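# Descriptive structure summary
The chain contents come next:
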Amino acid sequence: MASRVETDEDDDNKGSMWVLDQKLDQPMDEEAGRLRNMYREKKFSALLLLRLAYQSLGVVYGDLGTSPLYVFYNTFPNGVKDQEDVIGALSLIIYSLTLVPLLKYVFVVLRANDNGQGGTFALYSLLCRHAKIKTIPNQHRTDEELTTYSRSTFHERSFAAKTKRWLEEQESRKSAILILVLVGTCMVIGDGILTPAISVLSAAGGIKVNQPGMSSGTVVLVAVVILVGFFSMQHYGTDKVSWLFAPIVLLWFLLIGGIGIFNIRKYGSSVLKAFSPVYIYRYFRRGRKTGWTSLGGIMLSITGTEALFADLAHFPVSAVQLAFTLLVFPCLLLAYSGQAAYLMNNLSHSQDVFYRSIPDRIYWPVFVVATAAAIVASQATITATFSIIKQALAHGCFPRVKVVYTSKKFLGQIYVPDINWILMVLCIAVTAGFKNQNQIGNAYGTAVVIVMLVTTFLMILIMILVWRCHWILVLIFTGLSLIVECTYFSSVLFKVDQGGWVPLVIAGAFLVIMSVWHYGTVKRYEFEMHSKVSMAWVLGLGPSLGLVRVPGIGLVYTELASGVPPIFSHFITNLPAIHSVVVFVCVKYLPVYTVPEEERFLVKRIGPKNFHIFRCVSRYGYKDLHKKDDDFEKKLFDNLFMFVRLESMMEGCSDSDEYSLYGQQTERSRDGLLNNNGNTASSNVDLTISSVDSIVPAISPPHVNITVRSSGQVSSQTEVDELEFLNNCRDAGVVHILGNTVVRARRDSRFYKKIAVDYIYAFLRKICRENSVIFNVPHESLLNVGQIFYV
């Protein structure tokens, strides 16, 4: 077979692009499958699965497990008038637990995880890979060849393809999906504030049952002290915290299940009639509006369900499913049934039914465990909040904050210090401000049901675009979910003025922050895209770019993966010198959970060789993070040097040389590309979305054998000279050039746009972390170039 070395003539780049075919030891399908499976969910041994299921108790199920502390109190805040009401309420609880956490989430929604990542942004990432709905169009066809970039293809006339085209037609639909995701994310953050407040306050309220003379202020003070201690522990990380909390939650579930069995035996098993749905109909017929509004309290029995999905980043799906079906679900059913049995014989004890139903001999041990479990309950929503904030960061929807990995084994376990302390302050404010479980419960219910509705709407698109389900299955799932959740939503609307406004205000504040930040991010990217410099202008400057080329390497950071960024022209227009080697560095996040290390960097040359200008694109998933122990600069130069070697090797080959991919001759398009996993990028790409330069991974993976049959010597003198030149420039010094772009609203902009851009976005830019800190750039090697643009 004849070798093919092609030239890539981009619209804005007249430089050369080299493609090297490779020969692999394994067949294409087998090797590609191996690579993809390597990054899918790991297959855990039975022992490890049990261990992770045990650990998940301390993180995932604390919130769901402590609901028995306050459900009946919020359902019947004024006492119970009829035993039939207790049966009806229990029946609603039983079917709510069965339909929502068990059937919807454990068996359906958990399957929609993005390689083990859960939450609203994980669903959004899946959708972004299957349809072009991402509002920052910085993706390129090369990204689709990543090992972790898994997606399915559609038949042109299929329902999925029609839905995809409908979503892509208008920008407003893309924005609507993003806003929906942001609303769900903000409500989960609201959960992270309200869960600790209601759980700890409910547990601390047990003191008053045994000590009736204690004031409510003392109970609130105890709750606040517990909350401060809890948030102060978060920096130890999920792994350590889960080992501490897991035995507490396990003991808690065994206790509430055992107490439930005790009460059923003591007060009669007639309460088990609640498993018949007939009593739900009787409950509503008898209670009418009162019964309808009480749904807000009953819905608290399924709080923590969304955290169950969002916390998947910390544990595998199988471990979460195992813990729920074998332990959590049966113990919760026993706990609620036991409380209902006690309440049927003590109708006036609805406000503290949990503590009054405990046998006297074990009251104080259960109180201690309940308080500890309430602290653990908060952990579920806190870790969920950390996970979704990290995902929002990667999608350009949250200001840059510090993210700390707390486990070397499980990269999904993180800690966000700034968010932790903000949540603590807001949580204490809610606890001290309301001093009442009922009002906090109303607020809590509002947040929970809105998150569930958002998940349902996103799941509809997932089932159509990702799973490609039959429309009848989509209709069944949508119908059942919306019937339950809209019923609860209509109930909590009656309680907006009774505390339900709190999560709406909190979520509204976070929604403004996230929306404004994303708007500024999009506008900055659009400014760079529209203001990028043509390659003809750069070529017209000559080899010296019309300036003095000083020794050293200049790393110019840009958000563009194509073209020459405006920061470069701004720099050389105002300064008389530029470095001997210039590398445009683009760090971008993709809608994938992670990018394998060997596929992270893409390198190409810009312009003729004597210009010594390169482009390097560094790609990350939303689970990846720039960590200080990662030597980003070293990896960048390693890839750059490898690119020079590969380029020189192809220059030394004649047309008679043989290169092969998987032992087969491969046809290359004009935009030829070499990927580390041996795949060839498709030329079928919509250039209106992104016109990214063709770029080439520089490092060949260990399993690839590069076979070169040539009569000439592969390593040319040119390669040696250029590598020596690059090394000398590197020794002379590396300067990191970052753009400090200031975004301002135009004078003729509307007042709300001026407030959003000139005040809110400017304030967020001022308080968030600098790019130099995120990229770990030494202060002495940093050069900021300021620019102002108007939107």
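Our subject is the structure listed above.
Note that this is a predicted model, so its numbers are computed, not measured.

About the thresholds
Residues numbered from 1 in each chain as written. Predicted model: local features only at pLDDT ≥ 70, side-chain atom pairs only at ≥ 80, totals over all residues. Heavy atoms only, no water. Helix = DSSP H or I, 4+ residues; strand = E, 2+ residues; numbered from the N terminus. Contact = heavy atoms within 4.5 Å. Salt bridge = Lys/Arg side-chain N within 4 Å of Asp/Glu carboxyl O. Buried < 20%, exposed > 50% of the residue type's maximum accessible area, 1.4 Å probe, protein only. Axes fitted to C-alpha atoms, helices over the stretch in contact; angles between N-to-C directions. Parallel < 35°, antiparallel > 145°, perpendicular 65-115°, else oblique. Left-handed = near helix turned anticlockwise from the far one by under 90°. Nonpolar A, V, L, I, M, F, W, Y, C, P; charged D, E, K, R; others polar. Core = buried A, V, L, I, M, F, W, Y, C linked by side-chain atoms within 4.5 Å. Phe/Tyr/Trp six-rings, centres within 6.5 Å; stacked < 30°, edge-to-face > 60°. Lys NZ or Arg CZ within 6 Å of the ring centre and 35° of its normal. Pairing = 2+ DSSP bridges. Polar contact = N/O pair within 3.5 Å; in protein donor to acceptor, adjacent residues only side chain to side chain. Expected span 1.5 Å × (residues − 1). Arc of directions from axis to C-beta.

### Re the environment of F275
Along the chain, F275 turns up in the loop between α11 (238–267) and α12 (278–293). Look past the residues within four positions of F275 in its chain and what remains in contact with it is I94 and Y95.

### So, the pattern of salt bridges
Per the counting criterion, the structure on display carries 18 salt bridges. Between E597 and R600 there is a salt bridge, and its shortest N-O distance comes to 3.1 Å. The exposure class assigned to R600 is buried, which follows from its relative accessible area of 6%. The shortest N-O distance in the salt bridge between R600 and D624 comes to 3.1 Å. One end of the pair, R600, is in the loop between β5 (577–589) and β6 (601–606); the other, D624, is in the loop between β7 (613–620) and α24 (632–651), with 24 residues separating them in the sequence. For the pair shown, R600 and D624 are each scored as buried. Several salt bridges converge on common partners, so that one network encompasses E597, R600, D624 and K635.

### Quick notes on the packing of helix α6 (residues 120–130) against helix α8 (residues 171–204)
Two elements in contact, α6 and α8, have axes whose closest approach is 9 Å; the angle formed by their N-to-C orientations is 160 degrees. As the angle between them shows, α6 and α8 are arranged roughly antiparallel. As for how α6 packs across α8, the hand of that crossing is left-handed. Here T120, F121 and Y124 of α6 lie close against α8, whose contacting residues are I177, L178, V181, L182, G184 and T185. Each residue belonging to the contact of α6 with α8 can be placed in one class, and the counts come to 6 nonpolar, 3 polar and no charged.

### Here's the deal with the nonpolar core
Judged by nonpolar contacts, the single largest core of 172 residues is most densely connected at Y61 and F253. Setting aside residues no more than four positions away along its own chain, Y61 makes contact with S56, F253, L308, V320, Q321, A323, F324 and V328. In terms of nonpolar packing, the next biggest core, distinct from the first, is built from 30 residues, V581, Y593, F601 and L726 among them.

### A short note on the packing of aromatic side chains
Under the counting rule described, the total for this entry stands at 21 aromatic pairs. Ring centres of F568 and F584 lie 5.2 Å apart, and the angle between their planes is 90 degrees; on these two criteria the pair is classed as edge-to-face. With F568 in helix α23 (residues 566–574) and F584 in strand β5, this pair connects stretches of sequence that are 16 residues apart. For the pair F568 and F584, a shared accessibility class is recorded, and that class is buried. A cation over a ring is seen here: R129 above Y149, with NZ or CZ 5.9 Å from the ring centre. The ring of Y279 carries R282 above its face, with NZ or CZ at 5.0 Å from the centroid.

### Concerning the pairing of β7
With respect to burial, β7 is a largely interior element, 8 of its 8 residues being buried. Every second residue of β7 is oriented toward a common face, with I613, R615, V617 and R619 on one face and F614, C616, S618 and Y620 on the other, all of them buried. Where β5 lies against β7, 8 bridges are found, and the strand directions are parallel. Within β7, the residue paired with K588 across the bridge is R619. If you look at the hairpin formed by β6 and β7, you'll find 6 residues sitting between the two strands, and G607 has a positive phi there, around 80 degrees.

### Quick notes on the environment of Q498
Relative to the assigned elements, Q498 resides in the loop between α20 (471–492) and α21 (501–531). Judged by its relative accessible area of 36%, Q498 falls in the partly exposed class. For the pair Q498 and G441, spaced 57 residues apart in sequence, the C-alpha to C-alpha distance is 9.6 Å. Beyond its immediate stretch of four places on either side in the chain, Q498 contacts Q439 and N442.

### A few points about the side chain of T135
Take T135: it is sitting in the loop between α6 and α7 (159–169). Judged by relative accessible area, which is 16%, T135 ranks as buried. Within the local environment of T135, its side chain forms a polar contact with the side chain of H518, the two groups lying 2.5 Å apart. Excluding its chain neighbours within four sequence positions, the residues that come into contact with T135 are Y124, K174, L178, H518 and V522.

### Observations concerning the sheet that holds β6
Spatially, 6 strands are ordered β6-β7-β5-β4-β9-β10 in an open sheet, and the strand pairing comes out mixed. The sheet terminates laterally at β6 and β10 (782–790), the two strands that pair on one side only. Averaged over all pairs of adjacent strands, the angle between strand axes in this sheet comes to 25 degrees, irrespective of strand direction. Across the sheet, α21 is in contact with β4 (548–558), β9 (734–744) and β10; its angle to β10 comes to roughly 95 degrees. Lying over the sheet, α23 contacts β4, β5, β9 and β10, oriented at roughly 110 degrees with respect to β10.

### Some remarks on helix α18 (residues 417–434)
Along its 18 residues, α18 runs 26 Å from first to last C-alpha, staying within 8% of the 26 Å computed at 1.5 Å per residue. The complete set of buried residues in α18 reads P417, I419, N420, L423, M424, C427, V430, T431 and F434. In a view along the axis of α18, the buried residues occupy a sector of 150 degrees, so they form one face of it. Along α18, the residues that are exposed and aim more than 90 degrees away from the buried face are V425 and G433.

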